[in-house]
Amino acid sequence: EPPYARYDKLKLTPMGEEMPLISRWEWLEKQLLALGAPGMSFDLMPGEGPVRFDVPWVTAPAGGGGARLRFVTPICFEDTVPSLCRRLCVEGGERQVDLMVNLSNDGWFGWSVAGRSHHLHHARMRAIELAIPMIRCANTGDSVAIEWNGRVSDRVRPRNPAQPAVGTGTMVKPLSVERCDRVTIYARVGDLWSWVSLGLMVALLVWARRVEPAQAA
């Protein structure tokens, strides 16, 4: 056992690190890779479960509730998966961490501003859903400090070859971490409401199809 905690990605990036469903059949995966990405292999394994870090926090804010900082580290694409971030941050209906730290590489967007902004909006939604702030460091994207309500309080924009002065520098941001018992509705029930809504919609469609012939008659 190493003397430190380690987190391995729980959700591999679709089409970048695995092929959903297709990767279950090794032969089929190899055929598709040979067709579209010769020489590439999907040989990564996801981690076994959530890992939460707990470190000394000497400069804890007043009312912070102690000199410990609890945080999780969703990696890159993982900050776009609501259920995964909830699994990392919440257990037994109780909030387990004070902060999310996301390391991302948005190089696969090229220099698309829209693609990078879209990824950032996902990160902001995770903070809102769980009422937990996030620090996001993206070597080819927006490095930002996101408050628990989704507000971006500071940022360093990605470097642009056409504008060398843009995207260089270091962000030093005091953390406004609130250690409290606030647990959002999404943190408590997860995607349950979404599935209930889907079930109701299907039931209404079935009911409408049955009522329509009766009214026509």
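Anything mentioned here points back to the structure above.
Residues numbered from 1 in each chain as written. Predicted model: local features only at pLDDT ≥ 70, side-chain atom pairs only at ≥ 80, totals over all residues. Heavy atoms only, no water.

Colleague: In this structure, what is going on with the side chain of Glu 78? I would like to understand it.
Modeller: Note on placement: Glu 78 falls in the loop between strand E2 (68-72) and helix H2 (82-89). No salt bridge is formed by the buried Glu 78; the nearest opposite charge belongs to Lys 9, separated by 5.8 Å. Reaching out from Glu 78, the side chain makes a polar contact with the backbone nitrogen of Lys 11 at a distance of 3.0 Å. Engagement of the side chain of Glu 78 in a polar contact is seen with the backbone nitrogen of Ile 75, the distance being 2.9 Å. (Helix = DSSP H or I, 4+ residues; strand = E, 2+ residues; numbered from the N terminus. Buried < 20%, exposed > 50% of the residue type's maximum accessible area, 1.4 Å probe, protein only. Lys, Arg positive; Asp, Glu negative; His and termini not counted. Salt bridge = Lys/Arg side-chain N within 4 Å of Asp/Glu carboxyl O. Polar contact = N/O pair within 3.5 Å; in protein donor to acceptor, adjacent residues only side chain to side chain.)

Colleague: Help me understand the sheet that holds strand E5 (residues 99-104) in this model?
Modeller: Ordered by their spatial adjacency, six strands build an open sheet running E1-E2-E5-E6-E7-E8, and the pairing between neighbours is mixed. The open sheet has two edge strands, strand E1 (53-56) and strand E8 (152-156), and neither has a second partner. Averaged over neighbouring strand pairs, the angle between their axes works out to 20 degrees when direction is ignored. Sheet topology note: the E2/E5 ladder contains two bridges and is parallel. (Pairing = 2+ DSSP bridges. Axes fitted to C-alpha atoms, helices over the stretch in contact; angles between N-to-C directions.)

Colleague: Looking at this structure, how should I read H2?
Modeller: For an α-helix the count is 3.6 residues per turn, leaving residues at separations of three or four pointing the same way. Among all positions in H2, only Leu 84, Cys 85, Leu 88 and Cys 89 are buried. Angular distribution of buried residues about the axis of H2 spans 125 degrees; they occupy a single face of the element. (Arc of directions from axis to C-beta.)

Colleague: Could you clarify how one ought to interpret the packing of H2 against helix H3 (residues 113-130) in this entry?
Modeller: Helix-helix packing is described using two parameters, namely the angle between the two axes and the distance between the axes. Following both chains from N to C, one finds H2 and H3 inclined at 50 degrees, their axes separated by 10 Å at the closest point. Our classification of the angle between H2 and H3 gives oblique. Along this stretch, H2 crosses H3, giving a crossing that reads as right-handed. Taking contact as the criterion, the partners of Pro 82, Cys 85, Arg 86 and Cys 89 in H2 are, on H3, Arg 126, Glu 129 and Leu 130. For the contact of H2 with H3, the per-class residue count stands at four nonpolar, no polar and three charged. (Parallel < 35°, antiparallel > 145°, perpendicular 65-115°, else oblique. Left-handed = near helix turned anticlockwise from the far one by under 90°. Contact = heavy atoms within 4.5 Å. Nonpolar A, V, L, I, M, F, W, Y, C, P; charged D, E, K, R; others polar.)

Colleague: I keep staring at the nonpolar core and nothing clicks. Help me out?
Modeller: As a rule of thumb, nonpolar side chains are buried together in soluble globular proteins. Core analysis: the biggest nonpolar cluster contains 30 residues, and Cys 89, Met 100, Leu 130 and Ile 146 have the highest contact counts within it. Broken down by secondary-structure element, the contributors of at least two residues to this core are E2, H2, E5, H3, strand E7 (143-146) and helix H4 (185-189). Discounting residues that sit within four places of it in the chain, Met 100 has contacts with Val 72, Cys 85, Cys 89, Arg 126, Ala 127, Leu 130, Ile 132, Pro 133, Met 134 and Ile 135. (Core = buried A, V, L, I, M, F, W, Y, C linked by side-chain atoms within 4.5 Å.)

Colleague: Hey, could you run me through a nonpolar patch on the surface in this one?
Modeller: Taken together, Leu 21, Trp 25, Trp 27, Leu 28, Leu 32 and Leu 35 make up a surface patch of nonpolar side chains, about 710 Å² in accessible area. Following the sequence through the fold, Leu 28 ends up in helix H1 (residues 26-36). (Patch = residues over 30% accessible without salt bridge, like charges linked within 9 Å, V, L, I, M, F, W, Y side chains within 5 Å. Areas by Shrake-Rupley, 256 points an atom, 1.4 Å probe, with all protein chains shown as cover.)

Colleague: Just checking my understanding: could you explain the packing of aromatic side chains for this structure?
Modeller: Think of a pair of aromatic rings as described by two things: how far the centres are apart, and how the planes are tilted against each other in angle. Applying the stated criterion to the full structure yields one aromatic pair. Look at Phe 53 and Phe 71: their rings are 5.3 Å apart centre to centre, the planes differ by 15 degrees, and that puts the pair in the stacked class. Here Phe 71 lies in strand E2 and Phe 53 lies in strand E1, a separation of 18 residues in the sequence. The same class applies to Phe 53 as to Phe 71, namely buried. (Phe/Tyr/Trp six-rings, centres within 6.5 Å; stacked < 30°, edge-to-face > 60°.)

Colleague: Even after reading the chapter, I still don't get the environment of Pro 82, so can you show me in this structure?
Modeller: Within the secondary structure, Pro 82 is located in helix H2. According to the relative accessible area criterion, Pro 82 is partly exposed, its value standing at 24%. Expressed as a C-alpha distance, the spacing of Pro 82 and Arg 126, which sit 44 residues apart in the sequence, is 6.3 Å. Setting aside anything within four residues of it in sequence, one finds Pro 82 in contact with Arg 126, Glu 129 and Tyr 186.

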